[in-house]
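Report on the structure
What follows is the residue order along each chain.
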Amino acid sequence: MSRSPSFSVKQELSLKPDPESLQRWVVAFCIIRFDLEQGQLIEECYPPGCLTQDEELEVAFSSFPDSVSQHQNRSSIHDCIFFFRIQRQKNPQQGTVIPSEITEIGNRDVSSKPKEEKVIRRSKSGVTNKGSKYLYGFVFNRQRHDERLKRGGEQKSIVILSHGPYSSVFRPLLQIMGPLYFDIGKKAIEHIASYVSTWPAPVPGKLMELPIGNAMLKVNLPPAHSLPLESGLSFEESASSMAPLLPNNQSVPQGLFHESDLFGTFRGLLLQLWLLWELLLIGEPLLIIAPTPPQCCEAVASLVSLVAPLLCSVDFRPYFTIHDPEFAYLNSLREGDPFPPMVLGVTNLFFLKSLRYIPHIVSVGSPASNSTRVGLSSRSSTGRLSGQSEGFGLQQLSLKKFSPSSLLSAVKLRRDGPLCLMTEHKEAIWSSYAPTTKPDTSILNRLIDAGMSPRVEESMSVVNNEILRRHFLELTTNFLAPFGPYLRATTPSEGSSPFVDPPPLPPFNANEFLSSLAARGVGKFLSKRMKSNWLELYRRFLRGPNFLPWFQRRRAVAEHEQHRLWRQARMKTDIHQLISKMSELEVVDSFNAIERHLLGDIQLQQSGKAAADSAAMCQKLKVDLQAVFNVLPKDMQQLLLLNPQRAALLQGSPELTKLPGRPSIQVGVAPSTPR
């Protein structure tokens with residue numbers, strides 16, 4: 001198979017890969033071969049030495065389709081693209097399975113603790129480890145069938161490892177890199193690495209143009225509020241990139257995997273999407289089983305995208321194998337043991353027995369066809385689903401009622417249980433959870449059934465995905481709306497001093513929140529779509545793994561925005577007009593507040609962490625400080641000037657102000673002129 005005709009390596013390319021620049025996007029490129037005697041072997045890893053031995057082993061095992069799950073494919077070459085997510089081995093303080101973000105509320109009965117324990121306040125230690133907790137592996141796998149070889153064929157995978165869940169970038173990149181490698185060999189890695197090294201750093205939530213050869217990748221990156229805090233950013237830095245609040249433009253991605261084929265993946269189970277939305281919202285464990293890695297990856301990605309704009313803190317694994325280090329722990333769980341909040345995408349039917357106590361199982365996709373078509377895009381990477389599925393899909397909806405045969409099939413599936421998949425693959429859901437949210441049939445009736453034409457079906461899938469995603473975005477946003485008062489930044493009221501500290505955001509108390517919500521109701525949008533027990537869904541959400549990380553991130557955004565608004569107000573304040581209405585005591589308080597803000601900005605400048613407007617702010621604050629000083633009584637002025645540091649701030653000559661233990665910094669300002 002030749003490489004894409006839209007790509008060619010520039011002959012004049014003299015760039016060498018820059019490992020430091022490369023790390024902004026890619027941790028490593030790996031070439032992995034399946035050897036009949038030795039198993040998975042990493043033939044090439046660039047840059048070398050960036051993975052531990054255990055990580056190399058885990059990457060190798062995760063980069064091939066499960067042989068147990070694969071159907072025979074008689075074509076000479078079969079390509080597929082999928083991705084996986086594994087836990088890095090550099091965080092020994094992390095638990096075996098349960099993510100650290102989950103421990104604060106997930107295992108706590110918020111209604112049974114004393115009041116002071118139920119008040120959630122933002123932690124001051126917001127800096128994460130420099131190493132990310134997870135690695136994402138994007139795989140181009142080629143199976144070549146040749147009767148002259150042992151066992152009639154060979155397998156090889158090209159893998160891109162990254163800290164970021166940038167499937168919109170790496171899937172099309174693999175379209176180019178995969179065929180290119182099989183054309184020119186290891187030189188392909190150096191070529192691709194050279195181009196990636198020239199890319200600008202990822203900007204969350206932006207449309208980026210990334211050159212690769214004579215092609216240009218135009219991709220939307222997921223927004224900052226959907227990315228985990230494992231990327232080495234501090235709380236304040238990530239909050240800065242997240243503010244202001246969510247954009248109104250719904251064409252902009254609002255969460256992870258915005259490009260996934262939600263409609264195509266769950267076409268046979270559309271009525272169950274609201275059940276799946278709730279299960280992911282409250283962090284219930286889910287096992288997603290599909291015939292092929294591309295199909296199970298697409299299903300997991302689509303589920304994660306379903307809860308946007310909520311930060312998904314459930315540990316999701318798009319392609320999970322028995323070789324994962326956490327499998328042993330999961331396999332040891334017995335009936336009644338709590339299952340960690342995970343979404344596992346699998347193809348090996350062995351998981352139906354080994355993880356039989358997982359409470360929710362979803363079967364999606366259709367068996368692989370004998371085709372050489374590679375799953376290059378998000379939509380083509382999922383197998384097209386048959387309209388004759390066992391789930392309730394478009395065909396049943398168009399009848400406005402369920403046929404007796406469909407009802408009998410559903411009853412039989414529930415009676416037989418998920419082990420019936422051992423004999424025949426069917427699309428179905430096994431769960432005892434009773435959802436609160438009712439399926440919105442008006443949304444389903446707007447979906448377009450394209451029939452059997454692949455080209456028309458592809459374009460209609462885009463339309464249907466937009467309809468579904470817009471609805472669930474609105475559903476999630478309305479569900480999160482009651483938390484708004486705890487996440488709202490304030491501005492100084494008219495006539496008040498912006499130099500005082502802004503009021504803290506309201507403390508959050510789970511019991512008080514639920515009582516208040518029960519009294520005022522959930523709102524018109526949700527009341528029409530939820531049953532009367534909707535308050536229980538909020539209670540479960542508060543106890544689940546998603547609430548606390550999301551709430552803390554939104555809290556950080558609000559605090560950052562409030563800081564920005566009050567700082568802006570200080571820049572615009574007419575100090576003479578403000579102090580003209582103050583008592584002498586209030587003037588003294590204003591002097592102390594302005595001095596505190598000025599010293600704070602000077603300290604930030606000296607540490608190299610100053611904001612872009614810091615110099616202008618220092619200038620303005622020094623002028624204001626002098627103006628307030630001028631209206632103070634003479635004896636008060638003399639008392640204040642006894643402090644050498646304060647005297648330096650108030651002098652009109654450009655004098656060096658030095659804070660204790662800090663290098664000197666120039667903050668001189670012309671003296672204020674009396675009005």
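Residues numbered from 1 in each chain as written. Predicted model: local features only at pLDDT ≥ 70, side-chain atom pairs only at ≥ 80, totals over all residues. Heavy atoms only, no water.

Scanning the protein chain from N- to C-terminus turns up 24 helices and 16 strands. Across the 675 residues that make up the protein chain, the buried fraction comes to 53%. Carbon and sulfur atoms make up 53% of the accessible area of the protein chain, which totals about 30800 Å². (Helix = DSSP H or I, 4+ residues; strand = E, 2+ residues; numbered from the N terminus. Buried < 20%, exposed > 50% of the residue type's maximum accessible area, 1.4 Å probe, protein only. Areas by Shrake-Rupley, 256 points an atom, 1.4 Å probe, with all protein chains shown as cover.)

Running from N to C, helix H8 (residues 273-281) and helix H9 (residues 293-306) cross one another at 75 degrees; their axes reach a closest spacing of 9 Å. It follows from the interaxial angle that H8 and H9 lie roughly perpendicular. In contact with Leu-273, Leu-276, Trp-277 and Leu-280 of H8, H9 contributes Leu-303, Val-304 and Leu-306. The residue inventory of the contact of H8 with H9, partitioned by class, reads seven nonpolar, no polar and no charged. (Axes fitted to C-alpha atoms, helices over the stretch in contact; angles between N-to-C directions. Parallel < 35°, antiparallel > 145°, perpendicular 65-115°, else oblique. Contact = heavy atoms within 4.5 Å. Nonpolar A, V, L, I, M, F, W, Y, C, P; charged D, E, K, R; others polar.)

Strands sit in the order S10-S11-S9-S12-S13 across an open sheet of five strands; the sheet is mixed. The open sheet has two edge strands, strand S10 (315-317) and strand S13 (428-430), and neither has a second partner. Taken over all neighbouring pairs, the strand axes of this sheet differ in orientation by 10 degrees on average, direction set aside. (Pairing = 2+ DSSP bridges.)

In the contact formed by helix H21 (residues 584-607) and helix H22 (residues 614-630), the axes pass within 9 Å of each other and the chain directions differ by 155 degrees. The pairing of H21 with H22 is recorded here as roughly antiparallel in orientation. Handedness of the H21/H22 crossing: left-handed. Taking contact as the criterion, the partners of Val-587, Phe-591, Ile-594, Glu-595, His-597, Leu-598, Asp-601, Ile-602 and Gln-605 in H21 are, on H22, Ser-614, Ala-615, Met-617, Cys-618, Leu-621, Lys-622, Asp-624, Leu-625, Val-628 and Phe-629. Tallied by class, residues from the contact of H21 with H22 come to twelve nonpolar, three polar and four charged. (Left-handed = near helix turned anticlockwise from the far one by under 90°.)

Turning our eyes to something else, we now look at the environment of Gly-49. The residue Gly-49 is located in the loop between strand S2 (39-46) and helix H2 (53-62) in this model. Residue classification places Gly-49 among the exposed residues on the basis of a relative accessible area of 73%.

Next up on the list: the pairing of strand S7 (residues 207-212). Going residue by residue along S7, you find Met-208, Leu-210 and Ile-212 tucked away on one face and Leu-207, Glu-209 and Pro-211 left uncovered on the opposite face. Direction of pairing for S7 relative to strand S8 (residues 215-220): antiparallel, over a ladder of six bridges. Bridge pairing links Ile-212 to Ala-215 in S8. The antiparallel hairpin formed by S7 and S8 contains two residues in its connecting segment, where Gly-213 sits at a positive phi of about 65 degrees.

Now for the nonpolar core. Ranked by internal contacts, the top residues of the largest apolar core, which has 124 residues, are Trp-25, Phe-29, Phe-266, Phe-479, Phe-483 and Tyr-538. Filtering out sequence-adjacent residues up to four positions away, Phe-479 remains in contact with Trp-277, Leu-281, Leu-526, Met-530, Leu-537, Tyr-538 and Phe-541. If you look at the next biggest cluster of nonpolar residues, it comprises 24 residues, including Ile-579, Leu-625, Val-628 and Leu-640. (Core = buried A, V, L, I, M, F, W, Y, C linked by side-chain atoms within 4.5 Å.)

This brings us to H8. Counting buried positions along H8 yields nine of nine residues, so the element is predominantly enclosed. Leu-273, Trp-274, Leu-275, Leu-276, Trp-277, Glu-278, Leu-279, Leu-280 and Leu-281 are the residues of H8 that are buried. Trailing H8 by a residue or two, Gly-283 shows a phi angle of about 80 degrees, which is positive.

Turning to helix H18 (residues 534-543), its buried residues are Trp-534, Leu-535, Leu-537, Tyr-538, Phe-541 and Leu-542. Projection of H18 onto a plane perpendicular to its axis shows the buried side chains occupying an angular sector of 155 degrees, all on one side. (Arc of directions from axis to C-beta.)

This model, assessed by the stated rule, comprises 36 aromatic pairs. The interplanar angle of 85 degrees and the centroid separation of 6.1 Å between the aromatic rings of Trp-277 and Phe-479 together place this pair among those described as edge-to-face. Of this pair, Trp-277 sits in helix H8 while Phe-479 sits in helix H15 (residues 454-480); the two residues are 202 residues apart in sequence, bridging distant segments of the chain. Summarising the burial analysis for this pair, Trp-277 and Phe-479 share the class buried. Judged by centre distance (5.7 Å) and plane angle (75 degrees), the rings of Phe-541 and Phe-547 are edge-to-face. Phe-547 carries the same exposure label as Phe-541, and that label is buried. Site record: aromatic cluster; members linked through ring pairs are Trp-277, Phe-479, Phe-483, Tyr-486, Phe-508, Phe-513, Trp-534, Tyr-538, Phe-541, Phe-547, Trp-550 and Phe-551. (Phe/Tyr/Trp six-rings, centres within 6.5 Å; stacked < 30°, edge-to-face > 60°.)

In this section: the pattern of salt bridges. Here the structure, examined in full by the defined rule, presents 20 salt bridges. Here Arg-33 makes a salt bridge to Glu-43, at a shortest N to O gap of 2.6 Å. Within this pair, whereas Arg-33 is found in strand S1 (residues 28-35), its partner Glu-43 is found in strand S2, the two being separated by ten residues in sequence. A relative accessible area of 27% places Arg-33 in the partly exposed class. (Salt bridge = Lys/Arg side-chain N within 4 Å of Asp/Glu carboxyl O.)

Turning our eyes to something else, we now look at the environment of Leu-51. Along the chain, Leu-51 falls in the loop between S2 and H2. By relative accessible area, Leu-51 is classed as buried at 10%. Taking C-alpha positions, Leu-51 is 9.2 Å from Arg-88, a pair spaced 37 residues apart along the chain. Apart from residues no more than four positions distant in its own chain, Leu-51 is found in contact with Cys-30, Cys-45, Glu-56, Val-59, Arg-88, Leu-135 and Leu-161.

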